[in-house]
Amino acid sequence: MTEPNQTSPFGSLREQLLDAAAAFADSPVAVSDVLAGLVDDVDRALREKLEIFPVCHHSPASALAMVRRLREKQPKVIYLELCEDLRPLLTELRNCKLPVAVQAFATDIDGFPKTWAPLSVVAPITEASAEYQAISYALETPGVELVLVDRSTDHVFQWAPKEEESEKSGKEVEAGLHGDAVGVEIGDLRPRFAELEEHLLHHGKVRHWSEWWDQYVEQPLSGADYDTYRQVMVLIGSLFRRLNRDGSRLAVDEDRERYMWTRIREHLSTSEADPADCLYVCGAFHAASRVEQFGLASTAAFEISPRTQTKWLYGLIPSSHSAIEAQFGLAPGSVSIAAASWAKSLTRTKLTPFQLAGQKGARKRAAKLPAPKPVGVPADKLSAFLSQPPALDELDQAELLAWSVDIVRLARRNGYLASTADAIAVFETSILLAGIRNRARPTPYDFQDAAITCIEKDVVPGRRDVRRLCEILLGGDRVGEVGYDALPPLARDVYDRLKPLGLDLEKRTIQRALLDLNATPELVPCSDLLWMLRYLLPSDAVRPIMGERRLGERSIQESWDLSFGKHQRSIIELGYEGISIEQVLEQRLRRSVWDPKATAATALAAVEDAVLFLGSRRFADELGARAVELLAAERSVDDAPEVLRRIRRLMAYYRANEPELPAWCEEFATSGYAHYCTLLPTAFVDDDTGVRQVAAMLGFLFSMESVALALGCDRAQLELAVLQSHPESPAKVALLWAARHQLGLLPMAELRSRCDELLGNPLVIPSYPQYIMGFVQAMEPVPKLSGFVVEVISKAFGRLPDSVLLPWLPKLITTLRDQAEELVPLLVREAGRTFPGTLAAVDSWTPPWTARPATAAAAAAPVASGPVAELLRANPAACDAVAGLLGCEGGWQELSAGGAGHREVSALLAEHPEPALALAGLLT
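Notes on the structure follow. As the structure is a prediction and not an experimental result, all values here were calculated from the model. (Residues numbered from 1 in each chain as written. Predicted model: local features only at pLDDT ≥ 70, side-chain atom pairs only at ≥ 80, totals over all residues. Heavy atoms only, no water.)

Details of the sheet that holds strand S13 (residues 557-562)
Strand order in the open sheet made by the three strands is S11-S13-S12, with antiparallel pairing throughout. Each of the sheet's edge strands pairs with one partner strand only, and the pair in question is strand S11 (511-516) and strand S12 (542-546). In this sheet, adjacent strand axes meet at a mean angle of 25° when their direction is disregarded. (Pairing = 2+ DSSP bridges. Helix = DSSP H or I, 4+ residues; strand = E, 2+ residues; numbered from the N terminus. Axes fitted to C-alpha atoms, helices over the stretch in contact; angles between N-to-C directions.)

Shown next as structure tokens:
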């Protein structure tokens with residue numbers, strides 16, 4: 001137990017606490033140590049030569065006490081618990097609308113695990129905080145120096161445990177504008193002892209910590225004098241510190257305290273500042289520090305490690321009450337209630353707070369300072385504060401009645417069936433709840449509970465629940481805004497380039513931008529910028545309603561929904577990556593293709609984006625060369641469909657817009673031809689490779705064949721690859737047959753015969769849909785087979801009995817939907833060209849693949865005569881080749897005497913002379 005100070009003003013209080021511990025505690029020794037330590041911590045903090053101002057983050061009571069103390073003391077130097085490298089940003093607060101957050105950001109990290117990137121640290125600032133009052137006083141008062149003494153942002157992550165990773169729920173990430181940034185907790189006061197917090201909430205008859213703090217600390221201290229405020233805050237900080245069980249976090253906090261006291265002593269030693277004219281603003285938890293470096297008289301050294309080589313970027317981002325609550329674990333609505341309490345306390349006490357000149361969204365207030373008052377010897381104010389009950393505020397009926405009426409109006413506007421009777425019920429229930437909880441005056445939390453009980457009735461028909469409506473009524477979720485002058489150069493450039501749209505991009509509402517690019521060609525640069533922002537920002541920040549951008553196409557008119565106000569943070573963070581949108585886009589594309597997990601499809605997508613958004617041939621060629629390297633290094637064909645789709649589109653674009661293909665396209669065609677020929681036999685037999693991937697490989701080989709052969713590739717390589725392929729899967733077998741037909745190795749007659757054999761084999765019928773699936777996929781590399789695929793499916797429907805067809809039909813439909821969804825429209829169009837267009841024509845329709853019945857004239861063996869017939873009969877090889885290709889059977893007929901066999905032909909030509917005349921005109 002700490003030896004008591006004989007000259008301490010708290011000696012009497014110390015004896016009273018020891019007597020109480022001996023009389024009431026089960027283990028008086030342990031309790032007496034804690035109680036005596038509390039008094040000793042308060043006495044130590046008050047006796048320190050450098051005045052310590054303990055605060056709680058976003059506490060109106062701390063802000064009020066800060067305003068009073070600054071006007072009384074008027075210090076020349078203020079030491080503030082905030083990351084020391086954030087100091088240059090504080091002057092930019094005058095260009096912002098609070099709340100905002102000071103941010104340090106790093107993407108290129110050195111000395112930290114790569115999985116941590118990007119690193120982000122934020123320190124939110126609201127008007128109802130003691131820190132903002134100290135910053136405003138120091139920046140607006142001549143001759144006052146503001147020194148930040150907390151660890152740097154680099155040390156925040158240096159001291160972070162390497163084996164643990166913070167986890168946030170989806171709701172927290174969605175609610176917070178800070179994202180997954182690490183929050184710097186200035187003056188964090190919350191018990192880190194679960195049993196203590198539970199005990200305080202239970203006996204205080206409150207639901208959460210924010211309500212307990214407002215009831216038992218905020219309200220009693222809002223009107224207290226400075227000595228009382230200071231002693232009570234140090235006492236609370238000491239209590240939470242001594243009951244803390246989180247050893248790892250306490251060790252980090254103690255290192256922070258050593259860091260801050262070391263920086264303070266360094267500044268005092270290098271400056272001519274008098275400690276009597278200085279003020280040290282820190283959290284109440286740190287004010288009760290017991291480290292050996294505490295105080296100006298300490299000589300204990302603390303070695304501060306050097307910063308890493310990580311390059312930190314700094315800026316301001318918009319914040320909100322809900323973002324602060326989500327990041328620091330506060331109850332929903334607590335920051336809004338604190339802001340409302342701050343405004344009400346200013347009106348009641350008639351205090352004039354400090355604010356930065358030109359502060360956006362703030363009232364203009366005079367900053368006249370009275371003459372400073374001398375500092376007296378601290379007296380014991382704790383005894384009276386702890387022994388006397390707090391003064392109870394009288395019921396403000398006008399305020400409570402206004403709340404009750406307004407909440408009913410908001411509820412009706414949001415779909416609730418609320419009435420005047422509900423307003424009366426809310427009013428009376430608020431008073432009842434306050435009485436049950438030993439409160440003379442209902443707090444905003446009592447009013448909120450009463451409104452939920454009387455209006456919501458366990459039904460939420462509207463878009464917002466009553467709890468959210470109460471938060472809106474009591475102040476709402478105020479959202480900050482970073483002013484134009486405080487934005488990084490990239491963000492300012494974005495706003496400047498979009499000025500021709502004539503929209504106020506700082507509004508948080510969704511705005512519609514209409515662009516007629518033909519009538520107003522000066523809006524074309526705005527369109528280009530919007531498409532780049534569409535690529536870089538979240539999807540709901542820049543959303544196209546009409547218009548699209550594809551290779552070789554440009555929209556005539558465009559319509560956009562813009563929501564820059566809600567996504568200002570995303571635009572600001574783009575400024576950390578470069579000085580222009582084009583530079584950021586180029587860096588991201590380059591980073592994507594050089595990523596260790598990048599594939600050829602990724603590189604081709606980057607080439608397409610570079611052509612669409614940047615229009616740089618040099619950069620596109622660089623990315624294309626990388627695509628060639630990635631394709632040659634790939635050992636799987638999972639991305640073959642994507643590669644085929646993108647390279648086809650790019651080559652079509654270059655052929656239409658360039659005099660010749662880029663060198664990388666030609667190299668991609670030759671490398672891909674050899675690459676896929678090598679992998680084709682393995683892909684046919686590999687169970688992990690799908691039929692779609694094999695079809696895409698064949699599509700690449702057949703579509704790029706002309707380019708590859710022109711550049712020196714050998715077609716024999718493809719033929720050997722097909723001949724070496726021996727698949728077992730039915731779909732791949734059908735795909736192989738289609739490939740052999742394309743290469744001329746399998747005539748159509750033999751292909752049709754094989755399919756007829758499959759359809760006639762009862763053992764093969766259950767797997768016949770898989771063969772059809774293979775033929776459907778074959779329409780990608782062999783488009784001319786679309787008619788044959790219609791024939792195969794039609795034969796199956798025509799020949800199979802219902803007992804076989806009905807169980808088989810669902811499997812066929814699901815197979816087509818899952819594996820060939822993009823090819824079904826092509827199949828339907830081919831079927832539309834094959835089948836008759838009317839229902840009446842179906843009965844007399846004969847399928848083109850069905851042999852027509854022999855007519856009487858045909859039985860008479862009609863033949864033709866003349867020079868053409870004689871020429872064909874003298875050279876029958878050409879006709880035999882065509883007949884074999886078409887699958888026609890039969891031989892040459894002998895010419896009948898008198899040429900009587902061509903009467904039907906003569907009649908047909910006489911009735912339809914147009915083809916003969918056209919042919920004659922072509923030949924002459």
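That was the structure; now back to the text.
Digging into a negative patch on the surface
Together, Asp638, Asp687, Asp688 and Glu728 make up a region of like negative charge exposed at the surface. Its location among the elements puts Asp687 in the loop between helix H26 (663-685) and helix H27 (691-703). On the basis of relative accessibility, which here comes to 74%, the residue Asp687 falls in the exposed class. (Patch = residues over 30% accessible without salt bridge, like charges linked within 9 Å, V, L, I, M, F, W, Y side chains within 5 Å. Areas by Shrake-Rupley, 256 points an atom, 1.4 Å probe, with all protein chains shown as cover. Salt bridge = Lys/Arg side-chain N within 4 Å of Asp/Glu carboxyl O. Lys, Arg positive; Asp, Glu negative; His and termini not counted. Charge placed at Lys NZ, Arg CZ, Asp CG, Glu CD. Buried < 20%, exposed > 50% of the residue type's maximum accessible area, 1.4 Å probe, protein only.)

A short note on the nonpolar core
Judged by nonpolar contacts, the single largest core of 205 residues is most densely connected at Leu90, Leu498, Phe564, Tyr654 and Phe668. Looking at this core, the element that brings in the most residues is H26, giving eleven residues. Setting aside its immediate chain neighbours within four residues, Leu90 contacts Leu82, Val102, Ile125, Ile135, Leu139, Leu146, Leu148 and Leu356. (Core = buried A, V, L, I, M, F, W, Y, C linked by side-chain atoms within 4.5 Å. Contact = heavy atoms within 4.5 Å.)

Here's the deal with the sheet that holds strand S2 (residues 77-83)
Overall, parallel pairing links the four strands, which are arranged S1-S8-S2-S6 in an open sheet. Here the strands that pair on one side only, and so sit at the sheet edges, are strand S1 (51-55) and strand S6 (145-150). Ignoring strand direction, the axes of neighbouring strands in this sheet form an average angle of 30°. Across five bridges, S1 lies against strand S8 (residues 278-283) in parallel orientation.

Things to note about helix H16 (residues 420-436)
The end-to-end C-alpha distance of H16, which contains 17 residues, comes to 25 Å, matching closely the 24 Å that a straight helix rising 1.5 Å per residue would cover. Of the residues making up H16, those classed as buried are Asp422, Ala423, Val426, Phe427, Thr429, Ser430, Leu433 and Ala434. Check the buried side of H16 and you find it contacts helix H15 (397-413) and helix H17 (444-456). Just past H16, the residue Asn438 takes up positive phi, approximately 60°. (Expected span 1.5 Å × (residues − 1).)

Details of the side chain of His58
Note on placement: His58 falls in the loop between S1 and helix H3 (60-73). With a relative accessible area of 8%, His58 lands in the buried category. Looking at His58, its side chain comes within polar contact range of the side chain of Thr126, at 2.8 Å. Here His58 is in contact with Pro124, Thr126, Ala128, Ser129, Ile324 and Ala338, once residues within four sequence places are set aside. (Polar contact = N/O pair within 3.5 Å; in protein donor to acceptor, adjacent residues only side chain to side chain.)

Brief notes about the packing of H17 against helix H18 (residues 466-473)
Across the interface, H17 lies against H18 with an axial gap of 9 Å and an inter-helix angle of 135°. Classified by the angle between their axes, H17 and H18 sit oblique to one another. Note on packing geometry: the crossing formed by H17 with H18 is right-handed. Residues Phe447, Gln448, Ala451, Ile452, Ile455 and Glu456 of H17 pack against Val466, Arg467, Cys470, Glu471 and Leu473 of H18. (Parallel < 35°, antiparallel > 145°, perpendicular 65-115°, else oblique. Left-handed = near helix turned anticlockwise from the far one by under 90°.)

A word on a nonpolar patch on the surface
Together, Leu720, Leu723 and Leu745 line one region of the surface with nonpolar side chains, adding up to about 260 Å² of accessible area. By the element assignment, Leu745 lies in the loop between helix H30 (730-742) and helix H31 (748-759). By relative accessible area, Leu745 is classed as partly exposed at 34%.

A few points about the packing of aromatic side chains
Within the structure shown, the criterion is met by 23 aromatic pairs. For the pair Trp261 and Tyr280, a centre-to-centre distance of 5.1 Å together with 70° between the ring planes defines the contact as edge-to-face. One end of the pair, Trp261, is in helix H10 (residues 247-270); the other, Tyr280, is in strand S8, and 19 residues separate them in sequence. Side by side, Trp261 and Tyr280 carry an identical accessibility label, which is buried. Aromatic pair Phe775 and Phe788: ring centres 5.5 Å apart, planes at 80°, arrangement edge-to-face. In this pair, Phe775 sits in helix H32 (residues 768-778) while Phe788 sits in helix H33 (residues 786-799), placing the two residues 13 residues apart along the sequence. Within the aromatic cluster, the residues linked to one another by ring pairs are Tyr653, Tyr654, Trp664, Phe668, Tyr676 and Phe700. The ring of Phe354 has Arg71 sitting right over it, with the charged end atom 4.7 Å from the ring centre. A cation sits over an aromatic face here: Arg626 above Trp594, 4.1 Å from the ring centre. (Phe/Tyr/Trp six-rings, centres within 6.5 Å; stacked < 30°, edge-to-face > 60°. Lys NZ or Arg CZ within 6 Å of the ring centre and 35° of its normal.)

Points about the pairing of strand S5 (residues 119-125)
The buried fraction of S5 is high, at seven of seven residues. Of the two faces of S5, the one holding Leu119, Val121, Ala123 and Ile125 and the one holding Ser120, Val122 and Pro124 are both buried throughout.

Examining the pattern of salt bridges
By the definition in use, this model includes 48 salt bridges. Between Arg258 and Asp255 there is a salt bridge, with its nearest N and O atoms 3.0 Å apart. With Arg258 and Asp255 both in helix H10, this residue pair falls three residues apart, about one helical turn. Of the charged contacts, one joins Arg263 and Glu266 as a salt bridge, the two residues approaching to 3.0 Å between their closest N and O atoms. Of this pair, Arg263 and Glu266 are both found in helix H10, three residues apart, which corresponds to roughly one turn of the helix. For Arg263, a relative accessible area of 23% puts it in the partly exposed group. Assessed through its relative accessible area of 36%, Glu266 is described here as partly exposed. One connected set of salt bridges, linked through shared partners, spans Glu608, Glu642, Arg645, Arg646 and Arg649.

Observations concerning unusual backbone geometry
Of note, the amide linkage connecting Leu98 to Pro99 takes the cis form, showing an omega dihedral of 5°. Counting through the fold element by element, Pro99 comes out in the loop between strand S3 (96-97) and strand S4 (100-106). Backbone geometry at His58 places phi at a positive 55°, although glycine is not the residue there. One non-glycine residue, Gln74, adopts positive backbone phi at about 50°. When you line up the elements, Gln74 lands in the loop between H3 and S2.

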